[in-house]
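Structure assessment
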Amino acid sequence: MRRSRRWRRAEQSSKEANRRFKGRAGWALSYEVVLTLFILPDHVGSVLTLYDCGRISLYVRKEIMKSVEILLLLLCLKVVCLAAFAAAPTCPADLGSVCSGSDEWEGEFFPSIHKIKYEGPSSKNRLAFKWYNAEEEILGKKMKDWLRFSVAFWHTFRGSGADPFGAPTKFWPWEDGTNSLAMAKRRMRANFEFLEKLGAELWCFHDKDIAPDGKTLEETNANLDEVVTLAKELQGSSKIRLLWGTAQLFLHPRYMHGAATSSEVGVYAYAAAQVKKAMEVTHYLGGENYVFWGGREGYQTLLNTDMERELNHLARFLEAAVAYKKKIGFNGTLLIEPKPQEPTKHQYDWDAATTASFLRKYGLTGEFKLNIECNHATLSGHSCHHELETARINGLLGNIDANTGDPQIGWDTDQFLTDIGEATLVMLSVVRNGGLAPGGFNFDAKLRRESTDVEDIFIAHISGMDTLARGLRNVAKLIEDGSLAELVRKRYETFDTEIGAQIEAGKADFEFLEKKVLEWGEPKVASGKQELAEMLFQSAL
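Residues numbered from 1 in each chain as written. Predicted model: local features only at pLDDT ≥ 70, side-chain atom pairs only at ≥ 80, totals over all residues. Heavy atoms only, no water.

Observations concerning the sheet that holds strand β15 (residues 397-401)
- On the basis of which strands lie adjacent, the closed barrel formed by eight strands has the order β7-β8-β9-β10-β12-β14-β15-β16 and parallel pairing. Neighbour-to-neighbour, the strand axes of this sheet turn through a mean angle of 30 degrees, independent of strand direction.
- Of the pairings in the sheet, the one linking strand β10 (residues 289-292) to strand β12 (residues 333-336) comprises four bridges and is parallel in character. Bridge assignment links F292 to a residue of β12, and that residue is I336.
- Relative to the sheet, helix α5 (residues 181-198) contacts β7 (149-152) and β8 (202-206), its axis offset from that of β8 by approximately 150 degrees. (Pairing = 2+ DSSP bridges. Helix = DSSP H or I, 4+ residues; strand = E, 2+ residues; numbered from the N terminus. Axes fitted to C-alpha atoms, helices over the stretch in contact; angles between N-to-C directions. Contact = heavy atoms within 4.5 Å.)

What about helix α8 (residues 265-284)?
- Between the first and last C-alpha of α8 there are 29 Å, a value that for 20 residues agrees with the 28 Å anticipated at 1.5 Å per step.
- Taken together, the buried positions of α8 are occupied by V267, A271, Q274, V275, K277, A278, M279, V281 and T282.
- In the segment just after α8, G286 is the residue with positive phi, at about 75 degrees. (Expected span 1.5 Å × (residues − 1). Buried < 20%, exposed > 50% of the residue type's maximum accessible area, 1.4 Å probe, protein only.)

Topic: unusual backbone geometry
- The residue after E342, namely P343, is reached through a cis peptide bond having omega 15 degrees.
- Within the secondary structure layout, P343 lies in the loop between β12 and β13 (346-347).
- Omega for the bond connecting A437 with P438 falls within 30 degrees of zero, at 10 degrees, which places this linkage in the cis form.
- With respect to the helices and strands, P438 occurs in the loop between α13 (420-432) and β16 (441-443).
- Phi angles above zero are rare outside glycine, and L139 is one such case at about 55 degrees.
- With respect to the element layout, L139 can be found in the loop between β5 (137-138) and β6 (141-142).
- Phi at E342 is positive, roughly 75 degrees, even though this residue is not glycine.

This is the structure in structure tokens:
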């Protein structure tokens, strides 16, 4: 039987496809699929062979057969076969999907990673702590009690590596490509195995990151309940507990104008319902705090914004949250996380000082503390140390989102903190504050887009934990040495006099101070010794 060049090319392509895919792991069917769809009227007695879903053979023997009908039949068979291959192992990754899949996973999620141990500064093991020794006592507390490390579920288990210019780069082995309820449970199990192996006893979540949305609020809440029930069970069989929970009030299109500051009353009400549920599950899981991050509580332009009205609405929203917290018996701390902008042009809780002023104006200072994120501090034009000190001296330091940004990039990059000097300054504030409990250090940080190995998740957290542990050790050195504290004391020693004490007590009026100036003459001004202070600080690193 003579065959045309076109036929021979098709036959060769079929053989090549069969060779490439034969036995390939991950295919839904275990047998060969070679589909040749050619109707060639100039070949009497040509044979078309269709190996599909069971090796069926179809012979085309006469040129005058009803070729159009045969073509339609073959195309239909092709569609059926492709549909079989395309069938997802669980429900599709669309919002509100209903799934009956299983969250079962055979073996460990991280089989090649053992529990991370402390091996000391001389260790070359990338999967070991060099500075963080959880049970070691420093300045009267165990390191684990000073640091209270927490893992952020959203970055660690929902971070895909996608950015505005590129598609996701991370495809973890346990992921099946869906946003199903079964997949949510599987992620939760992976989360707890990760925490156990890392040696971190705390975790944090956004409601929408741990459970998929449903088609209605009722379905969404039911999904959340199912995942939270599993989390409660997993907490019960371990030492792991919840540091804080929060509601994601920025991703869904309904929140395009904000949540508590939205111009739409229906959106304000929906946000209230979502926070109500998130606060309930945080309480159910024994959470020690609840966080408010108002990513869209701000404006893009004042031309269409009633700022006063929006700020009043935000205050009413927070007042309602306080009332509900007390109603359900939740004793955790309510935290507000300042950020200047991104995604909005201007966010109302711009920095620690702005947020402290807002809380004072609306009489909420006794009900809230601040969750300071280091990268947000730099976006607002401050250092993380500045924001921590501002919160601390106002009695508002409640928690730290441990991360950093890139000084050459003007947005929120959420990198793991690895700068020893910055970590030492952070720990100076924490030690002065007497610790962070019931808050802690939450790693609101993500792997770089280009870091795609499973072990990178561990390496990043180990590095972040070691960096802060080293900062704590450096603070202990500074306190033991005492030189830096003495430099600061001497700088203000003129206020340790009788006159200085009167000023600080508010008992020295302007007339009294004028008389002293006339008596003393021109004051002497001492050196600030900044370079010496920097030298003393660096010597501890």
